Amino acid sequence: MAIRSAKPIAKPFKLADGGGLYLLVSPTGSRLWRLKYRIGGREKVLAIGAYPDIPLAKARERRTEARRQLAEGLDPSAVKKEARQKVKAAVANTFRSIAEEHVAKLEREGLADITLNKRRWLLGFAYPVLGERDVATITAKELLEVLRAVEETGRHETARRMRAALGAVFRYAIATARAENDPTFALRDALTTPKVTHRAAVTTPKEFGALLRAIDGYTGQPASTAALRLMPLLFPRPGELRLATWPEFDLDKGIWSIPPERMKMRRPHRVPLPPQALAILRDLHRLTGNQPFVFPAIGAGHRPISENTLNGALRRLGFTCDVATAHGFRATASTLLNESGLWNPDAIERQLAHAERNEVRRAYTRGEHWDERTRMMNWWADYLDQIKKTTKKEP
C-alpha cells in the first residue's frame, strides 16, 4: 500500500523495506528497487529493477539471494554483471549471429551481391533449426539432418553448396575463438553426389550459324536485343554483361574493363572489342548513354535487364533450355576457338577469365596475352559473320 500510494516530489526519496532493500522514488515518478550492502569494507548498491515490473515479493527474493551470495564471499553486483555478459555472449555465439558476421565480412571484401545473396539463401535453410543454437554445441549429426531435409526435396546440388557455406561459418567461428571444430568436415561423403549437368550450348558451326541468324532477326527492346547480339561476340558471363555500366567501356580504344567485384574470380578483366561489337555499342549509346546501365530494364533505367532476359529471348526465338542458354555461348566459343587450332589455349582461357587450377602452372601463366586476344576476338567476330552466311547453304 505504501508503494502504490507513494507520490513523486521535487527530490528523490526512499521507502525502506529492511535488510538494505529500499524503493527509490524519483521526481519523474519512476520507482526503482535498490539493495544497499557492504563488501570488503565498502558500501555498494545493487540495482534490482523497476516497480511494478519487479513486485515487492520478487524484490525480497532478490534481496535474499544477494545475502546468500554475500555469505559465500561473492559480490552480488559482480555476479549480476557476469550473468549479463554470459547472456550477451550467448547471443553473439549463436549460429545465426556468427553466420551474419561472416557474410558481413565477405561483403566488406567486395564479394558480388548475387554471390552474397546466394550465400544468405543457403544459410537460411539452417536458421529455423540451428539459428539460435550456440555454434560450439552443434554436432555433425544435427547438421546432417538439416542437409538431408534439403536433399529430400531433390536439391542435391543445393545441399552440397549448403554444406560448404556452413563449413565457412564454422571455420570463421573457430578463427574468432567461438568454436573448436568444424562438424561439416565429417560430412564430406555423407551427401548424395549431384549429377553434373552442363549448360546447354551449340558446338558445331552449322548449329551456331542458325542460332546467330535467329539472333540477328530478334526484335525485342533495344537494350535486350543489343545484349543478345553481344553475347556470342564477347562470350562473357551473362551477369558480367547485363550489369555493365558505360564508364567501363572505352569505345575509342575498343576495350571493356570489368571491375573485380563483378568477376567470379574477383580479379579485374579486360575484353578487346572487335569492330562488330563496337558498332552495336555505339548504336546503343545513343539510346542509353545517359543512363547508368548499358542495358537498362524497360521503364526503369536505374535497374539493368533481369537475369532471365537473355534466356527468355532465346526461348522466344524457339531455342529450348536443353539446346541453348546465355551462359552456353562461353562453351561454344571455347570449343570452336580451340578446334580452330589458331590460338594459344592460354589466351582462350584468359579471354574466358578462367582461373588456372594447377598452382604451378598458374605461376607461369600470369600474362594477359593481350595482343593475341585482340587478334583472336577480331578473328572470332569475322568468323561469326562467315558462318552465318556459309552454313545457311549447307544441307
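Look up a bit, the structure's there.
The model shown is predicted, which means the values in this text are computed figures rather than measured ones.

Caption draft 1: The sheet that holds strand β6 (residues 255-258), seen in detail. With antiparallel pairing, three strands are arranged side by side in an open sheet as β5-β6-β7. Whereas interior strands pair on both sides, the edge strands pair on one side only; in this sheet they are β5 (249-250) and β7 (269-272). Bridging between β6 and β7 involves four bridges; their strand directions are antiparallel. Within the sheet, the bridge partner assigned to Trp256 lies in β7 and is Val271.

Caption draft 2: Geometry of the nonpolar core. Phe208 and Phe295 are the most contacted members of the largest nonpolar core, which has 54 residues in total. Elements with a contribution of two residues or more to this core: α9 (205-216), α10 (222-234), β6, α12 (275-288), α13 (309-316), α14 (328-340) and α17 (370-390). It is α10 that contributes the most residues to this core, eight residues altogether. Look past the residues within four positions of Phe295 in its chain and what remains in contact with it is Ala223, Ala226, Ala227, Leu230, Leu241, Arg242, Ala244, Leu284, Pro304 and Ile305. Ile98, Ala99, Leu106 and Leu187 belong to the second largest nonpolar core, which has 28 residues in total.

Caption draft 3: Spotlight on the sheet that holds strand β3 (residues 31-39). Taken in spatial order, the four strands line up as β1-β2-β3-β4 in an open sheet, and their pairing is antiparallel. The sheet is open, and its two edges are formed by β1 (13-18) and β4 (42-51), each paired on a single side. Across the sheet, the axes of successive neighbouring strands diverge by a mean angle of 30 degrees, strand direction being ignored. Taken together, the nine bridges between β3 and β4 define a ladder with antiparallel strand orientation. By the bridge assignment for β4, Arg38 is matched with Glu43.

Caption draft 4: Summary view of the packing of aromatic side chains. Taken as a whole and assessed by the stated rule, the structure comprises 12 aromatic pairs. The interplanar angle of 70 degrees and the centroid separation of 5.1 Å between the aromatic rings of Trp121 and Phe125 together place this pair among those described as edge-to-face. The class of Trp121 is partly exposed, set by a relative accessible area of 45%. Judged by its relative accessible area of 23%, Phe125 is partly exposed. These aromatic residues form a ring-pair network of at least three members: Phe208, Phe235, Phe329, Trp343, Trp379, Trp380 and Tyr383.

Caption draft 5: Highlighting the packing of helix α7 (residues 140-151) against helix α8 (residues 156-175). At a closest axis distance of 8 Å, the pairing of α7 and α8 adopts a crossing angle of 150 degrees. As the angle between them shows, α7 and α8 are arranged roughly antiparallel. Considering the relative orientation of α7 and α8, their crossing is right-handed. Of α8, the residues touching α7 (which contributes Leu143, Val146, Leu147, Val150 and Glu151) are His156, Thr158, Ala159, Met162, Arg163, Leu166 and Phe170. Looking at side-chain class alone, the contact of α7 with α8 contains eight nonpolar, two polar and two charged residues.

Cut-off values and rules
- Residues numbered from 1 in each chain as written.
- Predicted model: local features only at pLDDT ≥ 70, side-chain atom pairs only at ≥ 80, totals over all residues.
- Heavy atoms only, no water.
- Pairing = 2+ DSSP bridges.
- Helix = DSSP H or I, 4+ residues; strand = E, 2+ residues; numbered from the N terminus.
- Core = buried A, V, L, I, M, F, W, Y, C linked by side-chain atoms within 4.5 Å.
- Buried < 20%, exposed > 50% of the residue type's maximum accessible area, 1.4 Å probe, protein only.
- Contact = heavy atoms within 4.5 Å.
- Axes fitted to C-alpha atoms, helices over the stretch in contact; angles between N-to-C directions.
- Phe/Tyr/Trp six-rings, centres within 6.5 Å; stacked < 30°, edge-to-face > 60°.
- Parallel < 35°, antiparallel > 145°, perpendicular 65-115°, else oblique.
- Left-handed = near helix turned anticlockwise from the far one by under 90°.
- Nonpolar A, V, L, I, M, F, W, Y, C, P; charged D, E, K, R; others polar.

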